[in-house]
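As a plain string of letters, each chain reads:
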Amino acid sequence: MNGEMGDDSRKHKCLLDVLLKLHIEDQVLDEEGVRQEVDTFISAGHETVEIAVKGALYLIGLYPEVQEKIHLELDSALGTDSEGPLSVAVLNELKYLECVLKVRSNSKQGIQWLEVSLIS
């Protein structure tokens with residue numbers, strides 16, 4: 001692409017680079033086609049995150065022990081400022097919640113993640 005749109009030698013190109021190549025060089029997509037593809041990609045990503053969050057909240061809700069540990073950790077990290085915005089520093093303190101979410105997201109079988117969380 002004549003160096004105008006970045007390094008074409010990369011092994012993996014981002015979605016927008018691929019779509020722009022299809023539009024500018026290959027002339028396979030028009031501007032509306034590029035826009036629709038980006039909208040679809042963003043929408044699909046949003047739905048994936050939504051499903052993951054709903055699943056995690058549902059499973060956390062099934063286990064009061066885990067819910068209580070998360071609540072205590074939040075209280076400890078937030079201190080007296082429970083109404084204020086969460087800062088990166090506060091989020092970095094939430095190690096138990098991070099472990100629960102990571103185990104949940106890596107688990108192939110939905111319930112097993114909690115057994116690992118309860119042991120911690």
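No experiment lies behind these values; they were computed from the predicted model shown.

Describing the overall build of the protein
Within the protein one finds 6 helices and 0 strands. If you list the helices and strands of the protein from N to C, you get α-α-α-α-α-α. Residues counted as buried form 18% of the 120 residues belonging to the protein. Expressed as a percentage of contacts within the protein between residues at least 6 apart in sequence, the contacts between residues at least 24 apart total 41%. Carbon and sulfur atoms provide 58% of the accessible area of the protein, an area that totals close to 9000 Å².

Digging into the confidence of the model for the protein
Residue-level pLDDT values for the protein average 78, and 78% of them are 70 or greater. Of all secondary-structure elements in the protein, the lowest mean pLDDT belongs to helix 6 (residues 112-119), at 50, while helix 3 (residues 64-78) reaches the highest, 92. The low-confidence segment residues 1-5 (pLDDT under 50) makes 8 contacts with residues lying over four places distant or belonging to another chain.

Structural notes on unusual backbone geometry
Most peptide bonds take the trans configuration, and most residues that are not glycine carry a negative phi. The backbone of Gln27 shows a phi angle near 50°, a positive value even though the residue is not glycine. For Gln27, the position within the fold is in the loop between helix 1 (15-24) and helix 2 (31-62). Gln27 gets classed as exposed once you look at its relative accessible area, which sits at 65%.

With respect to the pattern of salt bridges
Under the counting rule described, the total for this entry stands at 4 salt bridges. Here Glu32 and Arg35 are joined by a salt bridge, their closest N and O atoms 2.7 Å apart. In this pair, Glu32 and Arg35 are both assigned in helix 2, 3 residues apart and thus about one turn of the helix distant. Note on Glu32: relative accessible area 38%, which makes it partly exposed. Look at Arg35 and you get partly exposed, because its relative accessible area is 44%. Across the pair Glu50 and Lys54 runs a salt bridge whose closest N-O atoms are separated by 2.9 Å.

Describing helix 3
Because the α-helix completes a turn every 3.6 residues, residues three or four places apart line up on one side. Look at helix 3: 21 Å from first C-alpha to last across 15 residues, which is about the 21 Å you get at 1.5 Å a residue. Buried within helix 3 we find Val66, Ile70, Glu73 and Ala77. Each buried residue of helix 3 sits inside an arc of 60° when the element is viewed along its axis, so together they form one side. Among the exposed residues of helix 3, those pointing more than 90 degrees away from its buried face are Pro64 and Ser76. Directly beyond the C-terminal end of helix 3, a positive phi value near 65° is found at Gly79.

Conventions and cut-offs
Residues numbered from 1 in each chain as written. Predicted model: local features only at pLDDT ≥ 70, side-chain atom pairs only at ≥ 80, totals over all residues. Heavy atoms only, no water. Helix = DSSP H or I, 4+ residues; strand = E, 2+ residues; numbered from the N terminus. Buried < 20%, exposed > 50% of the residue type's maximum accessible area, 1.4 Å probe, protein only. Contact = heavy atoms within 4.5 Å. Areas by Shrake-Rupley, 256 points an atom, 1.4 Å probe, with all protein chains shown as cover. pLDDT = per-residue confidence, 0-100. Salt bridge = Lys/Arg side-chain N within 4 Å of Asp/Glu carboxyl O. Expected span 1.5 Å × (residues − 1). Arc of directions from axis to C-beta.

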